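Summary of structural features
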Amino acid sequence: MFFFLLHLKPGEACAAVAEEGDTSPATLILCRACGHELAFGTDINHVHSRLALSSRNDTLIGGRRVNIQLFENPHGHQFEVITFRKADVTQHWPADKHFSWFPGFSWTVATCPRCKTHLGWAFQPSDWPDMITKATFEDSTHTFLALIIDRLLREDFASSLLVTPKSFMS
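What counts and what doesn't
- Each residue is numbered by its place in its chain's sequence as written, counting from 1.
- With pLDDT at 70 or above as the cut-off, local features in this predicted model cover only qualifying residues; side-chain atom pairs require 80 or more to be listed or tallied, and sums for whole chains, interfaces and linings still use all residues.
- Calculated side-chain values reflect all of the structure's heavy atoms, with hydrogen atoms and water omitted.
- The helix and strand labels rest on DSSP assignments: H or I over at least four residues marks a helix, E over at least two residues marks a strand, and numbering proceeds from the N terminus.
- Every residue carries a pLDDT, the predictor's confidence in it, which falls somewhere between 0 and 100.
- We call two residues in contact when some of their heavy atoms are within 4.5 Å.
- Throughout, a disulfide means two cysteine sulfur atoms within 2.5 Å of one another.
- Summary of the burial criterion: residues with accessible area below 20% of their type's maximum are buried, those above 50% are exposed, and those between are partly exposed, where the area comes from a 1.4 Å probe applied to protein chains only.
- Two strands pair if DSSP finds at least two bridges between them.
- A fitted line through C-alpha atoms serves as each axis, taken over the contacting stretch for helices, and the angle formed by two N-to-C directions is quoted from 0 to 180°.

1. Quick look at the environment of Ile 82
Here Ile 82 shows up in strand S6 (residues 78-84). Expressed as a C-alpha distance, the spacing of Ile 82 and Leu 147, which sit 65 residues apart in the sequence, is 5.5 Å.

2. Quick word on the confidence of the model for the chain
Per-residue confidence for the chain gives a mean pLDDT of 84; residues scoring 70 or more make up 75%. Low pLDDT (under 50) marks residues 1-23, which in the prediction has 47 contacts with non-local residues, meaning those over four places away or in another chain.

3. Focus on the state of the cysteines
Two cysteines, two sulfur atoms, one covalent bond between them: this is a disulfide. If you walk through the whole model with that rule in mind, you get zero disulfides. Unpaired in terms of disulfides, Cys 112 finds its nearest cysteine sulfur in Cys 34, a separation of 3.6 Å. According to the relative accessible area criterion, Cys 112 is buried, its value standing at 0%. For Cys 115, which is in no disulfide, the shortest distance to another cysteine sulfur is to Cys 34 and amounts to 3.7 Å.

4. Things to note about the sheet that holds strand S11 (residues 152-154)
Spatial ordering of the open sheet is given by S3-S2-S11, a layout of three strands whose pairing is antiparallel. Of all strands in the sheet, those with a lone pairing partner are strand S3 (37-40) and S11, marking the two edges. Put simply, the sheet's adjacent strands are angled 35° from each other on average, direction ignored. For strand S2 (residues 28-31) and S11, the ladder comprises three bridges, and the chain directions are antiparallel. If you follow Cys 31 over to S11, its bridge partner there is Leu 152.

Spelled out as structure tokens, the structure:
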């Protein structure tokens, strides 16, 4: 059986809301590159930063308003991110205290555990050791992830991209 993918702009994958409104906060969030299951909509947890270039609320997951913040790194690259309490990503320690978008927090790169795509950053308190275990990170209420919206895909939206050719329909 053959399937075809529809062509969409990068931001539409996570930002689009199902027309029927049938998504729920428990909707799975996937890696856009490989489809790996990263988190649930319920894992989104807004962490405000005064260093954000802009901040907006958007309807993303199950009609829920989600805060999206825009940041710029020292090289001038801009990223729109959503903050999550937890997600299945690989963190690459040691954490760095320099150029943090969240004052009082150190950051480390977060990648997809399956395809190694850069998905965003993991943040931990700056007064913590630079190297911590994944369990320490996940068990703490003081840690969070900022994932790049254009690198994410909602499972229900991904399912809508698969189209069966008319020649295969009975």
